[in-house]
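Per-entry structural report
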Amino acid sequence: MASKRGPPSAGVHRPRGGGRSRFPLAIAVLFSLLLAPLIFFVGRGFYTSSHDNDLPGPGKQGAAWRERLAMQHIKSIFSKEVIDVIIASTNDMGPYSLDSFRKNNLSASWKVVGVDSSVITNSEMNQTTPDVRQETPKVRGNDASDDHSQMDSPAKLARRQLREKRREKRASDLVQQDDEAILKLENAAIERSKSVDTAVLGKYSIWRKENENENSDSTVRLMRDQIIMARVYLSIAKMKGKLDLFQELQTHLKESQRALGEASADADLHQSAPQRLRAMGHLLSKAREQLYDCKLVTGKLRAMLQSADEQVRSLKKQSTFLSQLAAKTIPNGIHCLSMRLTIDYYLLPPEKRKFPRRENLENPNLYHYALFSDNVLAASVVVNSTVMNAKDPSKHVFHLVTDKLNFGAMNMWFLSNPPGKATIHVENVDEFKWLNSSYCPVLRQLESAAMKEYYFKAGHPTTLASGASNLKYRNPKYLSMLNHLRFYLPQVYPKLDKILFLDDDIVVHKDLTGLWSVDLHGKVNGAVETCGESFHRFDKYLNFTNPHIARNFDPNACGWAYGMNIFDLKEWKKKDITGIYHKWQNMNEDRALWKLGTLPPGLITFYGLTHPLAKSWHVLGLGYNPSVDRSEIDNAAVIHYNGNMKPWLELAMTKYRPYWTKYIKYDHPYLRNCKLSE
């Protein structure tokens, strides 16, 4: 072989693994240059010796002689380390041949003399190149074995170095792949940035720039941003005496505001909006060149942000105030319905004003319900949903109590729309002569001067200044004894043993007779608890800074809900629940223990006397919580619209309203005449 530099463009063939390719390229070149004269001789000796091993007699001695002579010549040229590597590689991978150097280890700049290496193929090379591969001599005897034992350590070292080189190569390949991925991302980002329009003309470039995309309100938002910056520069121009620019900004600001109007989407904008947008962009660029001062602009924007924050807080209070006010009102349709029913009731002859099956009213073996309401439509939904889901409606008895204003309407509605086989009876709370101020503390307190001032004094702050939260406790329902009548159930129904109390803002989904068989374990009240990890516990409703509250109650005690409660009236009488209520109500005359309402005194009165029911009996939150789980609603026996968003009000949540409206017949003549519809 002879060396000859190939053309610069020639590729260099690198070893890719396999047995013979592991032999270092430098040793291959050295072997070719220095041992060319010996290759044939040594190879011949190896070849002959390997075949002579099979020959008997003197042939074996001649082969051994040639082998020793070849080894002496090689040892005189190479160091012991090189020979150890050659021997180890030969033992591992078999004998070497020149073909292995030619095909695997030589670069493109080396060629075989006499053969056109530029066009030769692997198959042709195998055919045209003489096979000079020789078998490795099998050295026998003590000397050979000693040499083999001495080379073990260098061989392992060489193989370890080769493995490390391969690992380094794999690591470099991975790094290269990572660099290629980063390069692709950078190129993609560069291409994306080319699509962004950074032109100043027509738009204020340092303010928010929306992509020209599918956003239906991008122009609206850009115009609002321009108006904000125009106000900033308007103030700065006036401060610096730039009157011409001030007038120009003021004019364009008004024009942009008119073009924007109340639009919330680009489709709602006035046709002059694009023109105003461009004109304002030019003017803001001009104002920036003349007036821009980082410190001034920052200060103006901060002041505007604080002002906007104050406005948001004020609007939140106003919204809460109005929602509380709306919750107090009765829709015109329901008011109309009550008036028409009242007129028709008093036109009836006395004999037609009576309900059938009056004998069931005091039968303790039937299922009795207590419902106190002044809303005819709401009461009808409670009764209809209960009857429609009852297994045997004939065993259900409804005790309705209302005020004198709605007494005629409530009677007329259920006389003209009887609840099937169920029994119903309507009473007037104002006819309960025993319920007077000498017996009932809350009535006495409502008649006091302090309470009248709290509720009715014209100068009393009922606006945003007093906080919308206080308005909640001045709801007129707290003035009605219908709300406090729940503490007098044994007095109202002395012949009954158990009764199920229902609010008028609930809807019944399932048969409720199972509640009468619930073992209350000697407790008086069966209710669903409402406390989570830290919500709706006693400290939310009661004033624990008061020593009377702090001494007698646990602030972490779990609260429960009114709306669907099963009461054991026998235990009620034994434990004198009404007397406990009177005691605490007298102590709260100055509202130092709790604010107004019936839940706080209920928590106090039934403290330690409430048995928790399964949550599926009573699901709450449909009057204020938009995220009540649909599965909980579907599995509930009773759903409760507690909160301000009652289902009969316009502010009701539309997704919950169908659960309520399904029990109303809107084609009824009374409802049509009062224009009540879904």
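Cut-off values and rules
- Residues numbered from 1 in each chain as written.
- Predicted model: local features only at pLDDT ≥ 70, side-chain atom pairs only at ≥ 80, totals over all residues.
- Heavy atoms only, no water.
- UniProt positions renumbered as here; feature names shortened; annotations may be inferred.
- Buried < 20%, exposed > 50% of the residue type's maximum accessible area, 1.4 Å probe, protein only.
- Helix = DSSP H or I, 4+ residues; strand = E, 2+ residues; numbered from the N terminus.
- Pairing = 2+ DSSP bridges.
- Right-handed = clockwise from strand over helix to strand, strands pointing away.
- Salt bridge = Lys/Arg side-chain N within 4 Å of Asp/Glu carboxyl O.
- Axes fitted to C-alpha atoms, helices over the stretch in contact; angles between N-to-C directions.
- Patch = residues over 30% accessible without salt bridge, like charges linked within 9 Å, V, L, I, M, F, W, Y side chains within 5 Å.
- Areas by Shrake-Rupley, 256 points an atom, 1.4 Å probe, with all protein chains shown as cover.
- Lys, Arg positive; Asp, Glu negative; His and termini not counted.
- Charge placed at Lys NZ, Arg CZ, Asp CG, Glu CD.
- Expected span 1.5 Å × (residues − 1).
- Contact = heavy atoms within 4.5 Å.
- Disulfide = S-S within 2.5 Å.
- Core = buried A, V, L, I, M, F, W, Y, C linked by side-chain atoms within 4.5 Å.
- Left-handed = near helix turned anticlockwise from the far one by under 90°.
- Nonpolar A, V, L, I, M, F, W, Y, C, P; charged D, E, K, R; others polar.
- Polar contact = N/O pair within 3.5 Å; in protein donor to acceptor, adjacent residues only side chain to side chain.
- Parallel < 35°, antiparallel > 145°, perpendicular 65-115°, else oblique.

The chain goes by Hexosyltransferase in an unreviewed UniProt entry, where it is assigned to Morus notabilis. The UniProt entry for the chain carries this comment under Subcellular location (unreviewed entry): "Golgi apparatus membrane".

A separate point is the pairing of strand β5 (residues 423-428). Regular strands place their side chains on alternate faces of the sheet. For β5, the tally of buried residues reaches five of six residues, placing the bulk of the element in the interior. In terms of strand pairing, strand β4 (residues 396-402) meets β5 through six bridges, oriented parallel. Each residue of the ladder has a partner; that of threonine 402, found in β5, is asparagine 428. Following the backbone out of β4, through helix α15 (residues 407-416) and into the adjacent parallel β5, one traces a crossover that is right-handed.

This paragraph deals with the pattern of salt bridges. Tallying each qualifying case throughout the model produces twelve salt bridges. Between lysine 169 and aspartate 173 there is a salt bridge, with its nearest N and O atoms 3.6 Å apart. Here lysine 169 pairs with aspartate 173, and both are found in helix α8 (residues 152-194), just four residues apart, close to one helical turn. Assessed through its relative accessible area of 53%, lysine 169 is described here as exposed. The partly exposed category is assigned to aspartate 173, whose relative accessible area is 31%.

Ordered by their spatial adjacency, seven strands build an open sheet running β5-β4-β3-β6-β9-β8-β10, and the pairing between neighbours is mixed. Each edge of the sheet is formed by a strand with only one pairing partner; in this case those strands are β5 and β10 (610-612). Adjacent strand axes in the sheet meet at a mean angle of 25°, parallel and antiparallel pairs treated alike. Sheet topology note: the strand β3 (residues 367-372)/β4 ladder contains six bridges and is parallel. Across the sheet, the residue bridging to tyrosine 367 is histidine 396, located in β4.

All right, on to a positive patch on the surface then. A cluster of basic residues, Lys156, Arg160, Arg163, Arg166, Arg167 and Arg170, forms a positive patch on the protein surface. Its location among the elements puts arginine 167 in helix α8. The class for arginine 167 is partly exposed, based on a relative accessible area of 45%.

It is worth spelling out helix α10 (residues 243-260) at this point. If you check α10, its first and last C-alpha atoms are 25 Å apart, about what 18 residues at 1.5 Å a residue would give, namely 26 Å. If you check which residues of α10 are buried, you get Leu245, Phe246, Leu249, His252, Leu253, Glu255, Ser256, Ala259 and Leu260. On its buried side, α10 packs onto α9 (218-239) and α11 (273-291). Positive phi appears at glycine 261, one or two residues downstream of α10, with a value of about 55°.

Next up on the list: the state of the cysteines. Taken as a whole, this structure holds two disulfides when the rule is applied. Between the sulfur of cysteine 336 and that of cysteine 674 lies a disulfide, 2.2 Å long from S to S. Note on the cysteine 336 and cysteine 674 pair: the S-S dihedral is about -75°, so by sign convention the disulfide is left-handed. Taken as a pair, cysteine 336 in helix α13 (residues 332-347) and cysteine 674 in the segment after α27 (669-673) lie far apart in primary sequence, 338 residues in all. With a relative accessible area of 22%, cysteine 336 lands in the partly exposed category. With its sulfur 1.7 Å from that of its partner, cysteine 531 forms a disulfide with cysteine 558.

Leu337, Leu400, Leu500, Leu512, Trp660 and Leu671 are the most contacted members of the largest nonpolar core, which has 63 residues in total. Counting residues per element, this core draws most heavily on helix α14 (residues 376-388), at eight residues. Membership of the second largest hydrophobic core comes to 42 residues, among which are Val401, Leu435, Phe487 and Leu569.

Okay, unusual backbone geometry next. Of note in this structure, histidine 521 is not a glycine but carries a positive phi near 55°. Mapped onto the elements of the fold, histidine 521 is located in the loop between β7 (506-508) and β8 (525-527). For histidine 521, a relative accessible area of 55% puts it in the exposed group. Although it is not a glycine, arginine 591 sits at a positive phi angle of roughly 55°. Inspection of the secondary structure puts arginine 591 in the loop between α23 (577-587) and α24 (599-605).

Let's shift gears to the packing of α9 against α11. Close contact between α9 and α11 brings their axes to 10 Å; oriented N to C, the two are set at 35°. For the pair α9 and α11, the sense of crossing is left-handed. Only Ala273, Leu277, Met280, Gly281, Leu284, Ala287, Arg288 and Leu291 of α11 make contact with α9, whose side of the interface consists of Thr219, Leu222, Met223, Gln226, Met229, Ala230, Tyr233, Ile236 and Ala237. Classifying every residue of the contact of α9 with α11 by side-chain character gives 13 nonpolar, three polar and one charged.

Glancing now at the environment of lysine 498. Note on placement: lysine 498 falls in strand β6 (residues 498-502). Residues lysine 498 and leucine 366, spaced 132 residues apart in sequence, show a C-alpha to C-alpha distance of 9.5 Å. Aside from chain neighbours lying at most four places away, what touches lysine 498 is His368, Trp516, Val518, Phe567 and Asp568. Side-chain polar atoms of lysine 498 contact the backbone oxygen of tryptophan 516, separated by 3.2 Å.

Moving on: the packing of α9 against α10. Packing of α9 against α10 leaves a shortest axis separation of 9 Å and a crossing angle of 155°. Classified by the angle between their axes, α9 and α10 sit roughly antiparallel to one another. Handedness of the α9/α10 crossing: left-handed. Of the residues in α10, those in contact with Val220, Met223, Arg224, Ile227, Ala230, Arg231, Tyr233, Leu234, Ala237 and Lys238 of α9 are Phe246, Leu249, Gln250, Leu253, Ser256, Gln257, Ala259 and Leu260. Considering only residue class, the contact of α9 with α10 consists of twelve nonpolar, three polar and three charged.

On to the sheet that holds strand β11 (residues 618-619), then. Taken in spatial order, the three strands make up an open sheet running β7-β12-β11, and their pairing is mixed. Since the sheet does not close on itself, it has two edges, and those belong to β7 and β11, each with one partner. Here two bridges tie β11 to strand β12 (residues 638-640), and the two strands are oriented parallel to one another. If you follow valine 619 over to β12, its bridge partner there is isoleucine 639.

Another aspect to go through is the pairing of strand β9 (residues 564-568). In terms of burial, β9 is largely enclosed, as five of its five residues are buried. Alternating residues of β9 divide into Met564, Ile566 and Asp568 and Asn565 and Phe567, and every residue in both groups is buried. Relative to β9, β6 runs antiparallel, the two being bridged by five bridges. Bridge pairing links phenylalanine 501 to asparagine 565 in β9.

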